[in-house]
Structure formats: structure tokens, C-alpha cells
Amino acid sequence: ALEPKEKVALTLHNTQAIDQVTHLPVITASGLVADHLMDAFLAGASGVGVGTVIRQAADRTAAIRELLNAM
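What counts and how
Residues numbered from 1 in each chain as written. Predicted model: local features only at pLDDT ≥ 70, side-chain atom pairs only at ≥ 80, totals over all residues. Heavy atoms only, no water. Helix = DSSP H or I, 4+ residues; strand = E, 2+ residues; numbered from the N terminus. Rg over C-alpha atoms; globule rule 2.2 N^0.38 Å. Core = buried A, V, L, I, M, F, W, Y, C linked by side-chain atoms within 4.5 Å. Buried < 20%, exposed > 50% of the residue type's maximum accessible area, 1.4 Å probe, protein only. Contact = heavy atoms within 4.5 Å. Polar contact = N/O pair within 3.5 Å; in protein donor to acceptor, adjacent residues only side chain to side chain.

**Student:** In this structure, what is going on with the overall build of the chain? I would like to understand it.
**Tutor:** When helices and strands are tallied, the chain shows four helices and two strands. Mapped in sequence order, the helices and strands of the chain form the string α-β-α-β-α-α. Relative to the compact-globule value of 11 Å for 71 residues, the chain shows a C-alpha radius of gyration of 12 Å, a close match. Dimensions of the chain along its principal axes, counting C-alpha atoms only, are 40 × 25 × 15 Å.

Printed below as a string of C-alpha cells:
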């Protein structure tokens, strides 16, 4: 299994690679949290899946606010 930092790096790398070969919007996910959202958009993502972050949060409202503030 990958370490969290390795998983994020791979996700961002793959996002950028896919974005470079298509003109379609790219949605990315897998290991991303609020701290990584801007990196995902800079890598070419048009959207970011963060369902696990919200589902696993003790306070879902706070988790959603943190994600929104990160954007």
C-alpha cells in the first residue's frame, strides 16, 4: 500500500498526464484532502472527488467548510 503522500503525488501526476492528452474535463480523487485541492486544480483537474474525506470526518459540516475554504 502507498503512503498518503505517495498516493497524493501519484494522483496529481496522473491527473496532469490525463489532462495533457484530452480536451475533456478531468475529475480527480484518491487521497486528496483540503490541503491538496489547489494542487489538483493546478494539475489540470476540473473537479475533485472528496467523498471519503467527508464520510470519515467526525464533523462533516466542518469538513465541508474546510474544503470550500481551500478553494
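After that view of the structure, there is still more to cover.
**Student:** Just checking my understanding: could you explain the nonpolar core for this structure?
**Tutor:** Considering soluble globular proteins, one finds that nonpolar side chains tend to be buried as a cluster. The biggest cluster of nonpolar side chains holds ten residues, and these are Val8, Leu12, Leu32, Ala34, Leu37, Ala40, Ala45, Val48, Val50 and Leu67. Counting only elements with at least two residues in this core, the list comes to helix H1 (4–21) and helix H2 (37–42). Filtering out sequence-adjacent residues up to four positions away, Val8 remains in contact with Gly31, Leu32 and His36.

**Student:** Sorry, what's going on with the side chain of Thr11 here?
**Tutor:** With respect to the helices, strands and loops of the structure, Thr11 is situated in helix H1. Here Ser30 takes part through its backbone oxygen, which lies 2.8 Å from a polar atom of the side chain of Thr11. With sequence-adjacent residues up to four places away left out, Thr11 is seen in contact with Thr28, Ala29, Ser30 and Leu32.

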